[in-house]
Amino acid sequence: MSTPTPGLGVGLDLPWTAPYGIVGGQVSPRTLAFLEREGHRFAQAFVSWQPPDRGVPRLADVEGPFQAFFDRLPHARRTLHQTALNLAGTGYDRGPLIDFTNALVERFGFAWVNEDLGCWTVGGWSLPYPQAPWLTEDAVRHCSAVCREVDAALNAPLVVEFPGFEVVPPGDLDAYTFFRQVVERSGCAATLDTGHLLTWRWLQGHRGEALLDGLDALPLEHVIELHCAGVVETGDRLIDAHHGVLSPLQLALVERLIDRCPALQVVTYEDPRFDDDGVLPPGAATSLDALEQALQRFEPAAPRALPGPTATDVPLDRSPWEDAL
């Protein structure tokens with residue numbers, strides 16, 4: 001069996017449904033089959049946790065499935081993708097979720113906890129897609145304060161992910177500038193999702209090579225992970241599809257970012273689709289091969305201290321973007 005490709009990671013969502021997630025307290029057979037078939041390629045892995053219900057999260061609900069997941073990747077460094085920290089939300093008691101996340105960190109030795117910079121819930125109600133905050137100075141101050149507080153409360157570093165955009169929110173800031181300010185003011189590490197970056201540039205009217213421009217506005221010194229989840233161009237839309245088929249633009253973006261992010265440790269192939277036997281369809285298989293090839297010249301950075309916070313902001317009591325939602 002071949003050895004893992006340095007710097008290549010895999011990340012899978014485990015929803016509480018078939019065919020890819022947790023069913024009857026067990027990881028679905030097709031997901032385990034994929035890990036058994038392809039897991040040797042990956043030097044790092046994350047699992048995405050989703051709340052099973054509106055109750056207090058419990059380690060016992062996921063301990064067995066998570067262990068089965070990572071048993072198929074015994075050589076891989078482990079991280080967690082949270083989906084409920086609600087880093088752009090206000091009036092949200094994160095205490096029980098922080099305790100649960102810390103229990104997961106202790107149990108599985110997660111190197112860090114990744115989370116999108118967005119609202120996953122409003123007033124206790126889940127949203128179908130995490131909504132980015134408004135691109136305003138107030139939102140910068142609020143989000144940087146929340147990120148700093150969550151990072152301090154967790155027993156592993158918080159890694160803040162550039163949010164996805166379905167529409168352009170109100171505000172005068174460009175999303176790249178907004179994200180850089182939040183990351184720098186909080187002092188957190190950062191993840192750049194290539195699909196999220198491209199969809200934002202697309203919404204700004206850019207096409208072709210122009211979708212790859214503007215990278216210097218991002219907090220490149222803080223970036224320790226890239227995500228590659230697959231995008232689809234449909235008519236006048238670019239959709240963050242999470243199906244594992246990477247566009248040439250995503251691969252080009254990876255090539256540019258690995259040269260510009262001095263703290264980058266891993267490039268993660270996220271949420272591919274596969275059949276009951278764990279076999280990737282041709283488009284996804286070709287994409288994984290191409291991503292692996294792109295990393296042949298990549299030397300993952302060793303964990304290092306990142307620039308500290310540049311501000312001491314205070315969270316908002318209530319946010320206008322939540323009122324709008």
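Since the structure is predicted, the reported quantities are computational estimates derived from the model, not experimental observations.

1. Structural notes on the pattern of salt bridges
Right, so step 1: Scanning all chains against the criterion turns up 17 salt bridges.
Right, so step 2: Where Arg-30 meets Asp-276, a salt bridge forms, and the shortest distance between an N and an O atom there is 2.4 Å. With Arg-30 in helix 1 (residues 29-38) and Asp-276 in the loop between strand 14 (266-270) and helix 8 (282-294), this residue pair connects regions lying 246 residues apart in the sequence.
Right, so step 3: Residue Arg-30 is classed as buried on the basis of its relative accessible area of 16%.

2. Let's talk about unusual backbone geometry
Right, so step 1: The residue after Ala-18, namely Pro-19, is reached through a cis peptide bond having omega 5°.
Right, so step 2: Positionally, Pro-19 belongs in the loop between strand 1 (5-13) and strand 2 (22-23).
Right, so step 3: Positive phi, close to 50°, is recorded for His-242, a residue that is not glycine.
Right, so step 4: For His-242, the location among the structural elements is in the loop between strand 13 (237-240) and helix 7 (248-260).

3. Comments concerning helix 8
Right, so step 1: Taking 1.5 Å per residue, 13 residues should reach 18 Å; helix 8 reaches 18 Å between its end C-alpha atoms and fits that length.
Right, so step 2: Where helix 8 is concerned, the buried positions are Ala-284, Ser-287, Leu-288, Leu-291, Glu-292 and Ala-294. With its buried residues spanning 160° around the axis, helix 8 presents them on a single face. Exposed residues pointing more than 90 degrees away from the buried face of helix 8 are listed as Pro-282, Thr-286 and Gln-293.
Right, so step 3: Check the buried side of helix 8 and you find it contacts strand 1, helix 1, strand 4 (42-48), strand 11 (223-228), helix 7 and strand 14.

4. Details of the sheet that holds strand 11
Across a sheet, strands are paired by hydrogen bonds formed along the backbone, either parallel or antiparallel in direction.
Right, so step 1: Pairing is parallel around the closed barrel formed by 8 strands, whose spatial order is 1-4-5-6-9-10-11-14. Ignoring strand direction, the axes of neighbouring strands in this sheet form an average angle of 25°.
Right, so step 2: In this sheet, strand 14 lies alongside strand 1 in parallel orientation, the contact comprising 4 bridges. Note that in strand 14 the partner of Gly-11 across the bridge is Glu-270.
Right, so step 3: The strands that helix 8 touches are strand 1, strand 4, strand 11 and strand 14; relative to strand 14, the one it contacts most, it runs at about 180°.

5. Looking at the packing of aromatic side chains
Right, so step 1: Tallied over the full model, the rule gives 12 aromatic pairs.
Right, so step 2: Consider the rings of Tyr-20 and Phe-274, whose centres lie 5.2 Å apart with planes at 80°: the pair is edge-to-face. Taken as a pair, Tyr-20 in the loop between strand 1 and strand 2 and Phe-274 in the loop between strand 14 and helix 8 lie far apart in primary sequence, 254 residues in all. For the pair formed by Tyr-20 and Phe-274, the shared burial category is buried.
Right, so step 3: When the ring of Phe-69 is compared with that of Phe-70, the centres are 5.0 Å apart and the planes differ by 80°; the resulting orientation is edge-to-face.
Right, so step 4: The class for Phe-70 is buried, based on a relative accessible area of 1%.
Right, so step 5: The aromatic ring of Phe-108 is capped on one face by Arg-107, whose charged end is 4.6 Å from the ring centroid.

Cut-offs and rules
Residues numbered from 1 in each chain as written. Predicted model: local features only at pLDDT ≥ 70, side-chain atom pairs only at ≥ 80, totals over all residues. Heavy atoms only, no water. Salt bridge = Lys/Arg side-chain N within 4 Å of Asp/Glu carboxyl O. Helix = DSSP H or I, 4+ residues; strand = E, 2+ residues; numbered from the N terminus. Buried < 20%, exposed > 50% of the residue type's maximum accessible area, 1.4 Å probe, protein only. Expected span 1.5 Å × (residues − 1). Arc of directions from axis to C-beta. Contact = heavy atoms within 4.5 Å. Pairing = 2+ DSSP bridges. Axes fitted to C-alpha atoms, helices over the stretch in contact; angles between N-to-C directions. Phe/Tyr/Trp six-rings, centres within 6.5 Å; stacked < 30°, edge-to-face > 60°. Lys NZ or Arg CZ within 6 Å of the ring centre and 35° of its normal.

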